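The lines below spell out each chain.
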Amino acid sequence: MAETRFEDWTDIEGLLRIPRIAGLAAGPDGRLVAQIQQATDDLSRTPSALWELDATGGAFPRRLTWSAKGESAPRFGPDGSLLFASARPDPTGEHDDDGPAIWRLPVHGEAHVVASAPGGLTLVAVADDGSMLATTQVLAGGSLADDAERRDARAAAKRTTIWHTGMPIRYWDHELGDQSTRLVHVSYDGELRELTSGADTVALTNASADLARDGATAVTTWTTRTTGGETRTGIAAIDVRTRRRRMLLKPTAGHGWSGPRLSPDGSRVAVTRVTTSTPTDTSYDFLELHPLGGGGPVAVDVGDLTIGSYAWVDDARLVVTGDLHSRGAVLLVDAATGSVRTLVDDAPHSALAPSRDGSAVFALRSDTTSPPAPVRIPLAGRGRVEAAPIPAPGGVGALPGRVEWVETDVDGVTVGGWLCTPASASTKAPAPVMLWIHGGPHGSYNAWSWRWNPWLAVARGWAVLLPDPAMSTGYGHAGLNRGWPRRPDVVWHECERLLDRVLTRRTLDASRTALLGASFGGFMTNWIAGHSDRFGAIVTHAGLWALDQQHATTDAAAHKVRVHGHPDDLPEWYRAYSPHHSAAAITTPMLVTHGNRDYRVPVSEALRLWWDLVSGWRGTPASMPHRFLQLTDEHHWVLRPSNAITWNETVLAFCAQHVLGADPIPDALPW
């Protein structure tokens, strides 16, 4: 793979073939490895490979792994070997399980399997003695010892049933309840010891865990069911030798815990305390440092930052990253006092990987103009620092336009967003405008997106406005709560005011506009469709339509019902804010897109919306302007590159047809 500089922004396939950096691992002797995804030739998948980067920026990276199955979760062992997870075939034939195994690539020599399990192994952390912490899946009610036998019996009987005893039963795109996640200790030589025997199907679902450097202690989130279909999550500490577990931080009705990260000496754990959302307050995150031996925590004041991730540099310092003011920041925290120093605040950063000598932290930097790329952030000094870029595969060249920050006052609140304008826009040829509303609603248009990339539209002459309205991240707790509980009228008011502000520009055409959104943004487009006719076209992806239906069928039903109640209890709220009540008022052509495997916003939302649109059309069937793009093997996101091409082409063509007067889309899609 040679270094790529993407230039032709009309080439959707070309964009989707750009290498994508998904993770980093820092090792001894200054080594740095990246996990890099790239689409296969047939555009059916985006497997990962591991690449070694030159942390000094002097040499182009070299590829380390080549399997068709791909490699992920890179971690360095104390001997300099590289550990990773992969479902690639074992050339020795000794480990023939279908799931991913843990592999070791020595400094010199070939990669080989360290350990495998019937339910696969996902590498979590590596200790200084070379032992590892991993997760695996066992069939519900069993153990690692009998899992292979039970799986064989289930397969032979062709059983696909799941026996549910409570909630939750789904998460994003997969079913829950037939398997139980377990924590496993893996010795340097590959011996497996189950640390959480008897854990039910809820306890470690989507768990976040860590292992102390000395290998003696593991910490993990631990979830239990409560009444009313709810769950609560605390933090458990596990003595690796005895496998004894104790609740270090217990959840309450008012808050839970997430993201435990142990200090290198194992003396304290950094965690996020998460308050429970209510009808009047969203959930808020608080970063705290808790001693494992008892005593009060150190609270860390991160200001308006919405916490993304954090990692220990050494026993005394922690780096934290997150969204901040439509950009992002990286903070350095003094663990003893909780005092905070801002290192950089120009963009969001992710995949934190502190160097072993404590002099720097490596991270992936992204913004609205550039995909995630590795940088080195020095930690010395007192004030802000300058991050140094590190050469890596991928990247983009010149953009087809420019981006600028725009803002306006809305009822005493400053609301802003990014405006992407094509180079062709002028007073003689004003550009049509797309308004995109982000999902979440706790999100921000502050970084690059492979799924919703505005530059594809800009290359075709559109200006794209990306607002950060009420409930966006990076504006403190007050910003997160403004407009709660998910009031579309508040968000639309702020978005429309910002749109009106930019449409006063003579280089933009206020008479040619389109509205797009996904997830919460799709809920917004659905609601706006019944309350405004100002747009020429509306695109809604994975959007909520009938709240009485969605709130009880989503994988997050407990949260939705807790916050929004039942329709019989709050009929006026549901009538005002559930989009389906305004179906008869929709006159704008709508493109509905949805994945069949979406459990966060079940496809039943799109099915009901589509029925309401089609059955409510009073013209001839041939004259109906609405369309439905069903993605039968996608979930909340469009991940398969081949499907992403179809989705992007369809969205752009639909908007061009109904806003710009382009030719209609054929009944059989040509892409």
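Residues numbered from 1 in each chain as written. Predicted model: local features only at pLDDT ≥ 70, side-chain atom pairs only at ≥ 80, totals over all residues. Heavy atoms only, no water.

With that out of the way, let us pick up the overall build of the chain. Regarding its fold elements, the chain presents 11 helices and 38 strands. A principal-axis box enclosing the C-alpha atoms of the chain has dimensions of 70 × 55 × 50 Å. Looking at the 671 residues of the chain, the share that counts as buried comes to 54%. Taking contacts inside the chain between residues at least 6 apart in sequence as the whole, the part at least 24 apart equals 55%. Carbon together with sulfur atoms contributes 50% to the accessible area of the chain, which is approximately 27,600 Å² in total. For the chain, the distance from the average site of its 61 positive side-chain charges to the average site of its 74 negative ones is 2 Å. (Helix = DSSP H or I, 4+ residues; strand = E, 2+ residues; numbered from the N terminus. Buried < 20%, exposed > 50% of the residue type's maximum accessible area, 1.4 Å probe, protein only. Contact = heavy atoms within 4.5 Å. Areas by Shrake-Rupley, 256 points an atom, 1.4 Å probe, with all protein chains shown as cover. Lys, Arg positive; Asp, Glu negative; His and termini not counted. Charge placed at Lys NZ, Arg CZ, Asp CG, Glu CD.)

Turning our eyes to something else, we now look at the packing of aromatic side chains. Tallying each qualifying case throughout the model produces 14 aromatic pairs. With a centroid separation of 6.1 Å and an interplanar angle of 75 degrees, the aromatic rings of Tyr171 and Trp172 are classed as edge-to-face. Consider the rings of Trp452 and Trp647, whose centres lie 4.8 Å apart with planes at 65 degrees: the pair is edge-to-face. Taken together, the positions of Trp452 in the loop between strand S33 (431-437) and helix H3 (454-458) and Trp647 in helix H11 (residues 641-660) put the pair 195 residues apart, joining distant regions of the chain. Of the residues examined, Trp647 reaches a relative accessible area of 5% and is grouped as buried. One aromatic cluster in this structure is built from Phe6, Trp9, Trp448 and Trp450. (Phe/Tyr/Trp six-rings, centres within 6.5 Å; stacked < 30°, edge-to-face > 60°.)

The step from Met167 to Pro168 runs through a cis peptide bond, and the omega angle for that step is 0 degrees. Each neighbour pair has its own omega, and for Gly440 with Pro441 the value is 5 degrees, a cis peptide bond. Mapped onto the secondary structure, Pro441 falls in the loop between S33 and H3. Even without being glycine, Asp29 reaches a positive phi, approximately 60 degrees.

Right, let's talk about a negative patch on the surface for a bit. Taken together, the side chains of Asp128, Asp129, Asp214, Asp265 and Asp315 make up a negatively charged region of the molecular surface. Residue classification places Asp315 among the partly exposed positions, given a relative accessible area of 31%. (Patch = residues over 30% accessible without salt bridge, like charges linked within 9 Å, V, L, I, M, F, W, Y side chains within 5 Å. Salt bridge = Lys/Arg side-chain N within 4 Å of Asp/Glu carboxyl O.)

To continue, consider empty space enclosed by the protein. Applying the stated criterion across every chain, the model contains two cavities of 30 Å³ or more. Taken as a whole, the largest cavity spans an internal volume of roughly 70 Å³. Around the largest cavity, the lining residues are Trp436, Trp452, Asn453, Leu456, Ala457, Leu516, Trp647, Asn648, Val651 and Leu652. Mapped onto the lining of the largest cavity, the elements with two or more residues apiece are H3 and H11. Residues of the lining of the largest cavity, tallied by class, amount to eight nonpolar, two polar and no charged. The calculated volume of the second largest cavity comes to roughly 30 Å³. (1 Å grid on protein atoms, 1.4 Å probe; cavity = no way out; pocket = protein on both sides within 12 Å on 5 of 7 lines; lining within 4 Å. Points joined across faces, edges and corners; volume = space filled by probe spheres on them. Nonpolar A, V, L, I, M, F, W, Y, C, P; charged D, E, K, R; others polar.)

Overall, the coordinates contain 24 salt bridges when judged by the stated rule. Across the pair Asp147 and Arg151 runs a salt bridge, and its minimum N-O distance is 2.7 Å. In this pair, Asp147 and Arg151 are both assigned in helix H2 (residues 147-156), four residues apart and thus about one turn of the helix distant. Under the relative-accessibility criterion, Arg151 is labelled partly exposed at 21%. Arg600 is paired through a salt bridge with Asp555; the nearest N and O atoms lie 2.5 Å apart. With Arg600 in the loop between strand S37 (590-595) and helix H10 (604-616) and Asp555 in the loop between helix H7 (547-553) and helix H8 (557-564), this residue pair connects regions lying 45 residues apart in the sequence. Judged by relative accessible area, Arg600 falls into the partly exposed class, the value being 22%.

You can see Asp146 is positioned in the loop between strand S10 (132-139) and H2. With 28 residues separating them in the primary sequence, Asp146 and Pro118 have C-alpha atoms 9.8 Å apart.

The antiparallel open sheet is built from four strands, whose spatial order is S23-S24-S25-S26. The sheet is open, and its two borders are formed by strand S23 (306-314) and strand S26 (340-344), each paired with just one other strand. Across the sheet, the mean angle from the axis of one strand to that of its neighbour is 25 degrees, orientation sign disregarded. (Pairing = 2+ DSSP bridges. Axes fitted to C-alpha atoms, helices over the stretch in contact; angles between N-to-C directions.)

Attention now goes to the sheet that holds strand S27 (residues 349-354). Sheet strands associate in pairs through backbone hydrogen bonding, adopting either a parallel or an antiparallel arrangement. Taking strand neighbours across the sheet as the criterion, the four strands line up as S27-S28-S29-S30 in an open arrangement whose pairing is antiparallel. Two strands lie at the open edges of the sheet, namely S27 and strand S30 (388-389), each paired on one side alone. In this sheet, strand S29 (residues 370-378) lies alongside strand S28 (residues 360-367) in antiparallel orientation, the contact comprising seven bridges. Note on S29: the bridge partner recorded for Leu364 is Pro374.

The subject of this paragraph is H10. The first and last C-alpha atoms of H10 sit 18 Å apart over 13 residues, in line with the 18 Å expected at 1.5 Å per residue. Inspection of H10 places Glu605, Ala606, Leu609 and Leu613 among the buried residues, and these make up the whole buried set. Across the axial projection of H10, the buried residues extend over an arc of 90 degrees, all falling on one side. On its buried face, H10 is in contact with helix H6 (520-529), strand S36 (537-541), H7, S37 and strand S38 (627-631). (Expected span 1.5 Å × (residues − 1). Arc of directions from axis to C-beta.)

The buried count for S36 comes to five of five residues, which makes it a mostly enclosed element. This β-α-β element, strand S35 (residues 508-518) to H6 to S36, shows right-handed connectivity. By the bridge criterion, four bridges tie S36 to S37 in an arrangement that is parallel. Pairing of Ile538 across the sheet is with Met590, part of S37. (Right-handed = clockwise from strand over helix to strand, strands pointing away.)

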